[in-house]
Amino acid sequence: MSAPIFPNYIHGEWVAGPTFENRNPANTDEVVGLFVNGTAAEMARAADAAAAALPGWASMTGPARGALLFKVADLLEKRFDEISADMTREEGKTLPEAKGEVRRSINIFRYFAGEGSRLGGIVAPSERERVHMFAFRKPIGVCGLVTPWNFPSAIPAWKMAPALICGNTVVIKPASAAPLSAWRIVEACHEAGIPKGVVNFVAGPGKALGEALVDAPPLRAISFTGSCGVGAWLHERASRRKLRIQLEMGGKNPTIVLADANFEAAVENVVNGAFFSTGQKCTATSRAIVEESIYDRFLEALVERTKKLKVGDGMQPGIDMGPCVDEGQMNTVLRYIEIGRKECGEPVCGGRRLTGTGYDKGWFVEPTIFAGVTQDMTIAREEIFGPVLAVMKARDLAHALEIANASEFGLSASLQTSNVSRMFEYIYGIEAGLVTVNLPSAGVEYQLPFGGTKDSSFGPKEQGPAALEFYSDFKTVYVKY
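All values reported here derive from a predicted model rather than from experimental measurement.

Criteria and thresholds
- Residues numbered from 1 in each chain as written.
- Predicted model: local features only at pLDDT ≥ 70, side-chain atom pairs only at ≥ 80, totals over all residues.
- Heavy atoms only, no water.
- Helix = DSSP H or I, 4+ residues; strand = E, 2+ residues; numbered from the N terminus.
- Buried < 20%, exposed > 50% of the residue type's maximum accessible area, 1.4 Å probe, protein only.
- Polar contact = N/O pair within 3.5 Å; in protein donor to acceptor, adjacent residues only side chain to side chain.
- Contact = heavy atoms within 4.5 Å.
- Pairing = 2+ DSSP bridges.
- Axes fitted to C-alpha atoms, helices over the stretch in contact; angles between N-to-C directions.
- Core = buried A, V, L, I, M, F, W, Y, C linked by side-chain atoms within 4.5 Å.
- Patch = residues over 30% accessible without salt bridge, like charges linked within 9 Å, V, L, I, M, F, W, Y side chains within 5 Å.
- Areas by Shrake-Rupley, 256 points an atom, 1.4 Å probe, with all protein chains shown as cover.
- Salt bridge = Lys/Arg side-chain N within 4 Å of Asp/Glu carboxyl O.
- 1 Å grid on protein atoms, 1.4 Å probe; cavity = no way out; pocket = protein on both sides within 12 Å on 5 of 7 lines; lining within 4 Å.
- Points joined across faces, edges and corners; volume = space filled by probe spheres on them.
- Nonpolar A, V, L, I, M, F, W, Y, C, P; charged D, E, K, R; others polar.
- Right-handed = clockwise from strand over helix to strand, strands pointing away.

Caption draft 1: Geometry of the side chain of Ser 181. Secondary-structure assignment places Ser 181 in helix 6 (residues 180-192). You can call Ser 181 buried: its relative accessible area is 1%. Within the structure, Ser 181 has its side chain in polar contact with the side chain of Glu 90 (distance 2.8 Å). Not counting residues within four places of it along the chain, the set of residues in contact with Ser 181 comprises Met 87, Glu 90, Pro 152 and Ser 153.

Caption draft 2: Looking closely at the sheet that holds strand 1 (residues 5-6). Ordered in space as 1-5-4, the 3 strands form an open sheet in which the pairing is mixed. Each of the sheet's edge strands pairs with one partner strand only, and the pair in question is strand 1 and strand 4 (19-24). With 6 bridges connecting them, strand 4 and strand 5 (residues 27-36) associate as antiparallel partners. Residue pairing in the sheet places Arg 23 in a bridge with Val 31 of strand 5. Sitting on the sheet, helix 3 (residues 80-91) is in contact with strand 4 and strand 5, with an inclination near 95° to strand 4.

Caption draft 3: Spotlight on the nonpolar core. Ranked by internal contacts, the top residues of the largest apolar core, which has 69 residues, are Phe 109, Met 160, Ile 194 and Val 199. Ranked by residues supplied to this core, first place goes to helix 5 (residues 154-165) with 9 residues. Leave out the neighbours within four places in its chain, and Met 160 touches Phe 109, Leu 145, Ile 172, Ile 185, Val 186, Cys 189 and Val 199. Residues Leu 258, Tyr 336, Met 377 and Ile 430 belong to the second largest nonpolar core, which totals 30 residues.

Caption draft 4: Examining a nonpolar patch on the surface more closely. Taken together, Val 420, Phe 424 and Tyr 428 make up a surface patch of nonpolar side chains, about 370 Å² in accessible area. Mapping Tyr 428 onto the fold places it in helix 14 (residues 420-429). Given the relative accessible area of 70%, Tyr 428 is considered exposed.

Caption draft 5: Here's a closer look at the layout of surface pockets. Estimates place the volume of the largest pocket at around 960 Å³. Lining the largest pocket are 34 residues; nearest its centre among them are Trp 149, Phe 224, Gly 226, Ser 227 and Val 230. Taken together, the elements giving at least two residues each to the lining of the largest pocket come down to helix 7 (206-215), strand 11 (219-225), helix 8 (228-240) and helix 11 (327-344). Counted by class, the lining of the largest pocket contains 18 nonpolar, 12 polar and 4 charged residues. Empty space within the second largest pocket amounts to approximately 380 Å³. Taken together, 20 residues make up the lining of the second largest pocket; nearest its centre are Arg 104, Phe 151, Lys 281, Gly 443 and Val 444. Elements supplying a minimum of two residues to the lining of the second largest pocket: helix 4 (95-115) and helix 5. At 5 residues, the largest contribution of residues to the lining of the second largest pocket is made by helix 4. Of the residues in the lining of the second largest pocket, the class split is 9 nonpolar, 5 polar and 6 charged.

Caption draft 6: Local environment of the pairing of strand 13 (residues 253-257). Most of strand 13 is tucked away: 5 of the 5 residues are buried. Alternating residues of strand 13 divide into Asn 253, Thr 255 and Val 257 and Pro 254 and Ile 256, and every residue in both groups is buried. Of the pairings in the sheet, the one linking strand 13 to strand 14 (residues 285-291) comprises 5 bridges and is parallel in character. Looking at strand 14, one finds that Val 257 is bridged to Val 290. The β-α-β motif built from strand 13, the intervening helix 9 (residues 263-275) and the parallel element strand 14 has right-handed crossover chirality. When strand 13 meets strand 18 (residues 412-416), the two strands line up parallel, connected through 3 bridges. Each residue of the ladder has a partner; that of Ile 256, found in strand 18, is Leu 415.

Caption draft 7: Inspection of unusual backbone geometry at higher detail. With phi around 60°, Lys 242 is a residue other than glycine that occupies positive phi space. Along the polypeptide, Lys 242 turns up in the loop between helix 8 and strand 12 (244-248). We note that Ser 277 has phi near 60°; this positive angle belongs to a residue other than glycine. Using a relative accessible area of 7% as the deciding quantity, one classes Ser 277 as buried.

In structure tokens:
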């Protein structure tokens, strides 16, 4: 049986062409789909289509745009099981995790669909007689959306939905490692009746298409989630044209475990944050900073719990952790494990590529823990983006905060404690844009702003009401009557 072909989508039409393969990382014998390999010329054409559609979409009322986004959510819900299975097969995360992400994408579209009836502005009294003044939100124009493979549905959703409800038109460029989930959202937009040119989708090579997108004359803004290196390049390139830009990039997220924490819950939260989704989350726990009085006991319990994790094909029941997304990412993880061996010795758990029945045709790595890690070590400083956890020792909360903040990143952080005072010391002292208490460092909701500080993020926050700040601008009006 031949693999299905997924064309690009430009000006409301499905565009065919030469293809590239999207393979299942748990079983590379399976070709999930063939995606049309977009060109720079097609990216330019997509931007032109978005520009042509902008006046009509922007002039549509907010509630009317919202009604279409509600339809998109309904279509995604009708295909919930299919889309979830697609995600597991293309990205590798377990089916329960995929279902959670698709549910989140549906909720994001419904949340921002509702914003269509609430797109407010500002009304203020004038100092002058018989002058009425107000400001209202207006779209910023054509928006380029560059999305990663690790959340291949939720991140496209949380960029597309606010952009569209504000009256912008979009060109989305998904990661080549997992383009199908974003394609399913575009398919739903098409079937919901969103006008031609409002949504455009071009898959293919990142560098060539990224350059074509950021250089496209109609582009007014670009929102990117991905690596720090590409983000820095995009910032430099976009700044030449004074484009509005939003960057979400790397993290080296700490979970601080204090002696007064609920011990069993803290173990579960660290394991969840470090190893679920194969550690392939920008908010994943990559450093566990443990108070020295419980360090040995906590490390022992952490290793014991981690060894119970079941690794395998995420489509199978009972699997806790799937494969790395592709061979390149697996090799990156294995390279960092070797660096860890040279820096602090053999890992206390894991450290190998898994082989044998059920593993030989996939990119599986054992969940890996290094103990006795210090801040000067590479595995304590650089983002690995895989199932590798560095466990570090701290004298107390103040020392733990010092270790946690000694990083160029500042995306997410977690504290495990039962002490209210220490909780607030941490909340106000940690250098991170997203903080949790007695929860994993990974796992956010769409109703509140999302984003980091330091080298993790640049520009306005994503999600929640804050998303409207990036995707809209104010027009201010003064009326003498």
